[in-house]
Amino acid sequence: TYCTSRPRARDRCTGDCKHREYAMKRFTLNQLLWLAKKAIQREEGSASIEFVALALPLFIPIFIFLGQFASISSHEMVVQTLARESLRSYIESSSDESGEVLIRQVVEVGGKQLGLSQDEVNAIEIEMKCSKKPCHQPNGRVRITLTMDPSMSHGRLVEAAAQEYFSPWSQK
């Protein structure tokens, strides 16, 4: 059959069919509008849209907080471990001078092994207090405090301390 001014969907077109293309676009647009109107009238799926629209903005700050908390907690755990290990190396050293060198080595090598960057390792300050002078004496108490600069730990001061006693039977 040939196209007429009002072609039906089952008719075939053998000539200029611009009116058919327009009719198909209009049909598709009308069909989409009808489907959208029906979807708006029904409430199926609206709970998931409300959840995404309302809850997602609340979850974003929580995820940011948890990321910061994990990073700070990681720094605290690393500094605590470095304080304990550096103090152990000091206690096992043969003299005060060699012990102080060992402390710095433990902080540098251990910090890198535990995931700190070189800048973070350099930002760790070491403070040591002894109950006796020189420190390597029987029954002597040694306390070491490691402090990480707040600029390297997300604006929070990270500090860890460890304390040990020399054996009363030590002969160092």
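Rules behind the numbers
Residues numbered from 1 in each chain as written. Predicted model: local features only at pLDDT ≥ 70, side-chain atom pairs only at ≥ 80, totals over all residues. Heavy atoms only, no water. Helix = DSSP H or I, 4+ residues; strand = E, 2+ residues; numbered from the N terminus. Buried < 20%, exposed > 50% of the residue type's maximum accessible area, 1.4 Å probe, protein only. Areas by Shrake-Rupley, 256 points an atom, 1.4 Å probe, with all protein chains shown as cover. pLDDT = per-residue confidence, 0-100. Contact = heavy atoms within 4.5 Å. Phe/Tyr/Trp six-rings, centres within 6.5 Å; stacked < 30°, edge-to-face > 60°. Disulfide = S-S within 2.5 Å. Expected span 1.5 Å × (residues − 1). Arc of directions from axis to C-beta.

A. Main features of the overall build of the protein chain. A count of helices and strands for the protein chain gives 4 helices and 3 strands. When the helices and strands of the protein chain are read in sequence order from the N terminus, they spell out α-α-α-α-β-β-β. In the protein chain, buried positions account for 25% of the 172 residues. Carbon together with sulfur atoms contributes 59% to the accessible area of the protein chain, which is approximately 12500 Å² in total.

B. Summary view of the confidence of the model for the protein chain. Predicted confidence across the protein chain gives a mean pLDDT of 82, with 80% of residues reaching 70 or more. No element of the protein chain has a lower mean pLDDT than helix H1 (residues 18–41), at 67, and none a higher one than strand S2 (residues 141–148), at 95.

C. View of the side chain of Ser89. With respect to the element layout, Ser89 can be found in helix H2 (residues 46–92). Once you skip the residues sitting within four places of it in the chain, Ser89 turns out to touch Leu102, Ile103 and Val106.

D. Examining the packing of aromatic side chains more closely. Counting across every chain of the model gives 2 aromatic pairs. Look at Phe65 and Phe69: their rings are 6.1 Å apart centre to centre, the planes differ by 25°, and that puts the pair in the stacked class. Of this pair, Phe65 and Phe69 both sit in helix H2, separated by 4 residues, roughly a single helical turn. Under the relative-accessibility criterion, Phe65 is labelled exposed at 54%.

E. Summary view of the state of the cysteines. Tallied over the full model, the rule gives 1 disulfide. Two residues, Cys130 and Cys135, share a disulfide whose sulfurs are 1.5 Å apart. Its torsion about the S-S bond being 100°, the disulfide of Cys130 and Cys135 is classed as right-handed. Relative accessible area serves as the criterion here: at 5%, Cys135 is assigned to the buried category.

F. View of the environment of Gly155. Here Gly155 lies in the loop between S2 and strand S3 (158–165). Take Gly155: its relative accessible area is 62%, and that puts it in the exposed class. Distance from Gly155 to Ile72, taken between C-alpha atoms, is 9.4 Å for residues 83 residues apart in sequence.

G. Representation of helix H3 (residues 96–113) within the structure. Look at H3: 25 Å from first C-alpha to last across 18 residues, which is about the 26 Å you get at 1.5 Å a residue. Those residues of H3 that sit buried are Asp96, Gly99, Ile103, Val107, Gly110 and Gly111. Taken around the axis of H3, the buried residues stretch over an arc of 100°, which confines them to a single face. Opposite its buried face, H3 presents the exposed residues Glu97, Val109 and Gln113, each directed more than 90 degrees away. Where H3 is buried, its residues touch H2, helix H4 (118–122), strand S1 (124–130) and S2. One or two positions beyond H3, positive phi appears at Gly115, with a value near 100°.

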